[in-house]
Amino acid sequence: MVLKIALIGAGLIGREHAKLISSNPRVQLEAVADISEAGKVLADEYGTRYFFDVREMLDATKPDGVIIALPNAFHAEAAMACIERGIPSLVEKPVADTLEAAMQLTEAVERKGVPVLVGHQRRHSPDIAKARQLMNEGALGRLVAVNAMWLTDKPTNYFDAAWRRQPGGGPLLINLIHDIDCLRFICGEIESVMAFSSNEVRSFEVEDTASISVKFTNGALGTLLMSDTAVSPYNWDTAAGQALYFPHQPENTYVFAGTKASLALPLMDFWRHENENSHWQHPLLRQHITLDGSRAYENQLHHFLDVIEGKAEPIVSVRDGMLTLATILAITKAGKEGRIINVADMLG
Ligand SMILES: NC(=O)c1ccc[n+]([C@@H]2O[C@H](COP(=O)([O-])OP(=O)(O)OC[C@H]3O[C@@H](n4cnc5c(N)ncnc54)[C@H](O)[C@@H]3O)[C@@H](O)[C@H]2O)c1
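Within each chain, residue numbers correspond to sequence positions counted from 1 in written order. Reporting in this predicted model follows two pLDDT cut-offs: at least 70 for local features of residues, and 80 or more for side-chain atom pairs to be given and counted; totals over whole chains, interfaces and linings ignore these cut-offs and use all residues. The basis for the side-chain values is all heavy atoms of the structure; hydrogens and waters are excluded.

Chemist: Tell me about the overall build of the protein chain, residues and numbers included.
Modeler: Each helix corresponds to a stretch of at least 4 residues labelled H or I by DSSP, and each strand to a stretch of at least 2 residues labelled E; elements are numbered beginning at the N terminus. In terms of regular secondary structure, the protein chain is built from eleven helices and 15 strands. We take the radius of gyration over the C-alpha atoms and set the globule estimate at 2.2 Å times the residue count to the 0.38 power. Compactness check: the protein chain gives a C-alpha radius of gyration of 20 Å against a globular reference of 20 Å for 348 residues, within 12% of the reference. By principal-axis analysis of the C-alpha atoms, the protein chain measures approximately 70 × 45 × 40 Å. Relative to its 348 residues, the protein chain shows a buried fraction of 52%. Contact between two residues is taken to exist if any of their heavy atoms lie within 4.5 Å; hydrogens are not considered. Sequence separation of 24 or more characterises 66% of the internal contacts of the protein chain that already satisfy a separation of 6 or more. To measure how exposed things are, a 1.4 Å probe is used in the Shrake-Rupley method; for residues, cover is taken only from the protein chains shown. Carbon and sulfur atoms form 52% of the exposed surface of the protein chain, whose accessible area is close to 15600 Å². Three labels apply to residues, based on accessible area from a 1.4 Å probe with only protein chains included: buried if under 20% of the type maximum, exposed if over 50%, partly exposed otherwise in between.

Okay, structure coming up:
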């Protein structure tokens, strides 16, 4: 049976979701809802129905599943409208813009049992899955240190959409949240964070640059660097070749260093000594693990369809998305208040 998918939000990523749906034989694009002209244009392009109002679309078309690609502040409300109607949804990240909204959504999902998948698509990429597997198998020994970078230069007109310049938007919540989600997935929970943040280049209300220190519950320490105003290939989106509308410029952006070996992603460079008695005066062996990481978004869509058909539980649940959100909001708070923030304190 071909599943009917409705799309809410016809912006940058909504248009990519429409493209992914149209090239997947398991689904058809049933309708598009958006308050702007972009919604009608997209619906016409794919020969499907257009709605201004989200609830009207859900009631009129009764889709099998919904993809929510709205600005961050509208995610929870749209997901709630789907839950109320028993319709599974894939909600873009962050799961919500506040922890209060994320908690309400988590409570509704767990009470009503209607699945919601959060759009952290990198978890559907084999390099991220392999890194988690190697970490869990102990291939790196005891994890000691982690480094991650997300540095790139967004064009000025990207910020024409006001929500991207305002609290609830910003590159921590829009971009670095993916990296935090990957680090949680690979290394385990982050216990506490410290950060500097700056808006000195773009002068928006939200940050454009941040440097962050984190402590994992397993004792490992990490640093992250983020800027959306730096010319650099050191960001997952261009380095991994998984993003939908970016050039592929291979580089490593994550380093995981353990007492036995180091692993750098997305190039999957595994560095180790030849034997156990070696140390820094002995050359290291470098091993490449070859993986095709180009299909993260396609894999995510297939997984969502499996969730709709009851064949799988969401790989990224709303509760999981909430924990990633809590970590990012702890970083935002640490940057503003200039002090260490415990992630658990964010959740009360
Ligand atoms: N996973 C990814 O790779 C990825 C990439 C980009 C964006 N995102 C996320 O997707 C979401 C959308 O981002 P974007 O860059 O596409 O935003 P965008 O501003 O380009 O598009 C948002 C669309 O939502 C519409 N809209 C706003 N309020 C609405 C409402 N109340 N009802 C119906 N439509 C409404 C707007 O008219 C616009 O067309 C964000 O949460 C962002 O964080 C995820």
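Having put the structure on the table, let's press on.
Chemist: Give me the lowdown on the UniProt feature "domain: GFO/IDH/MocA-like oxidoreductase" (unreviewed entry) in the protein chain, citing residues and values where you can.
Modeler: UniProt positions are given in the numbering used here, feature names are shortened, and annotations may be inferred rather than shown by experiment. Listed under "domain: GFO/IDH/MocA-like oxidoreductase" (unreviewed entry) in the UniProt record, and renumbered for this structure, are residues 129-263. Here residues 129-263 runs as 23% helix and 30% strand, with 13 Å between its end C-alpha atoms.

Chemist: Can you explain the sheet that holds strand 5 (residues 89-92)? Please cite residues and give values.
Modeler: Taken in spatial order, the six strands make up an open sheet running 3-2-1-4-5-6, and their pairing is parallel. The open sheet has two edge strands with one neighbour each: strand 3 (49-51) and strand 6 (116-119). Averaged over all adjacent pairs, the angle separating strand axes in this sheet is 25°, with direction ignored. When DSSP finds two or more bridges between a pair of strands, those strands are recorded as paired. Summarising the sheet, strand 1 (residues 3-8) and strand 4 (residues 65-68) pair through four bridges and their orientation is parallel. Bridge pairing links Ile 5 to Gly 65 in strand 4. Convention adopted: a line fitted to C-alpha atoms gives each axis, helices being fitted over their contacting stretch, and angles between N-to-C directions are expressed from 0 to 180 degrees. Packing of helix 2 (residues 37-45) onto the sheet brings it into contact with strand 1, strand 2 (27-33) and strand 3, and relative to strand 3 it is tilted by some 170°.

Chemist: Break down the side chain of Gln 121 for me, citing the residues and quoting the values.
Modeler: Within the secondary structure layout, Gln 121 lies in the loop between strand 6 and helix 6 (126-137). Residue classification places Gln 121 among the buried positions, given a relative accessible area of 5%.

Chemist: An account of the domain arrangement of the protein chain is requested, with residue identities and associated values reported.
Modeler: What fixes the domain bounds is an automatic or database domain assignment. Taken domain by domain, the protein chain holds domain 1 (3-120 + 297-316) and domain 2 (123-295 + 326-347). Using only C-alpha atoms to locate each centre, domain 1 and domain 2 end up separated by 27 Å. With 21 residues of domain 1 in contact, the opposing surface of domain 2 contributes 22 residues. Accessible area that two parts lose when put together, with a 1.4 Å probe and added across both, is what the buried area reports. Of all residues in domain 1, Leu 99, His 120 and Tyr 297 bury the most surface against domain 2, accounting for 29% of the area lost on that side.

Chemist: Describe the sheet that holds strand 12 (residues 261-265), with residues and values.
Modeler: Reading across from one edge, 14-13-12-11-7-10-9-8-15 is the order of the nine strands in this open sheet, with mixed pairing throughout. The open sheet is flanked by strand 14 (285-288) and strand 15 (341-342), the only strands paired with a single partner. As paired elements, strand 7 (residues 143-151) and strand 11 (residues 254-258) share five bridges and run antiparallel to each other. Its bridge partner lying in strand 11, Leu 143 is registered against Gly 258. Across the face of the sheet, helix 10 (residues 318-337) comes into contact with strand 8 (190-198), strand 9 (209-216) and strand 15 while running at roughly 50° to strand 8.

Chemist: Could you give an account of helix 6, with specific residues and numbers?
Modeler: Compared with an ideal rise of 1.5 Å per residue, which puts twelve residues at 16 Å, helix 6 spans 16 Å between its outermost C-alpha atoms and is within 8% of the ideal. Along helix 6, the residues that are buried comprise Asp 127, Ile 128, Ala 131, Leu 134 and Met 135. Looking straight down helix 6, one finds that the buried residues subtend no more than 125° of arc, so they occupy a single side. Turned more than 90 degrees away from the buried face of helix 6, the exposed residues are Asn 136 and Glu 137. In this structure, the buried residues of helix 6 make contact with strand 7, helix 7 (170-187), helix 8 (236-239), strand 11 and strand 12. One or two steps after helix 6, the chain reaches Gly 138, where phi turns positive at roughly 80°. Multiplying 1.5 Å by the helix residue count minus one yields the expected span of that helix. This arc is built from the directions going out from the helix axis to the C-beta atoms.

Chemist: Could you give an account of the packing of aromatic side chains, with specific residues and numbers?
Modeler: Side-chain rings of Phe, Tyr and Trp, where Trp is taken by its six-membered ring, are said to pair if the distance between their centres is within 6.5 Å; with planes under 30 degrees apart they count as stacked, over 60 as edge-to-face, and otherwise as tilted. This structure, assessed with the given rule, holds five aromatic pairs. Here Phe 159 and Phe 204 contribute two aromatic rings whose centre-to-centre distance is 4.9 Å and whose plane-to-plane angle is 50°, an arrangement assigned as tilted. Of the two residues, Phe 159 sits in the loop between strand 7 and helix 7 while Phe 204 sits in the loop between strand 8 and strand 9, which places them 45 residues apart along the sequence. Grouping aromatic residues by their ring pairs yields a cluster made of Tyr 158, Phe 159 and Phe 204. Think of it as a cone above the ring: NZ of Lys or CZ of Arg counts as a charge over the ring if it is within 6 Å of the ring centre and within 35 degrees of the ring normal. Here the guanidinium or amino end of Arg 164 rests over the ring plane of Tyr 158, the centre of that ring lying 4.0 Å away.

Chemist: Could you give me a rundown of the site of the ligand, with the residues and numbers involved?
Modeler: Residue proximity to a molecule or strand is established when one non-hydrogen atom of the residue lies within 4 Å of it. Among the 23 residues in the neighbourhood of the ligand, the closest are listed as Asp 34, Asn 72, His 75, Arg 164 and Tyr 297. For the purposes of these results, a polar contact is taken to be a pair of N or O atoms within 3.5 Å, where, inside protein, one atom must be able to donate a hydrogen and its partner to accept one; residues adjacent in sequence count only when each atom of the pair is a side-chain atom. Separating an oxygen atom of the ligand from a side-chain N or O atom of Ser 36 is a distance of 3.3 Å. A distance of 2.7 Å separates an oxygen atom of the ligand from a polar side-chain atom of Arg 164. With the chains in place, 86% of the 850 Å² that the ligand exposes on its own is no longer accessible. Amino acids outside the nonpolar list (Ala, Val, Leu, Ile, Met, Phe, Trp, Tyr, Cys, Pro) and the charged list (Asp, Glu, Lys, Arg) are all regarded as polar, and Gly is one of them. Its residues assigned to classes, the shell around the ligand shows eleven nonpolar, eight polar and four charged. Both of domain 1 (3-120 + 297-316) and domain 2 (123-295 + 326-347) provide at least three residues apiece to the shell around the ligand.

Chemist: Account for helix 10, naming residues and giving values.
Modeler: Helix length check: helix 10 (20 residues) gives 28 Å between terminal C-alpha atoms against 28 Å at 1.5 Å per residue, within 8%. With 14 of 20 residues buried, helix 10 is to be regarded as a mostly interior element. Positive phi shows up at Gly 338, right after helix 10, with a value of about 65°.

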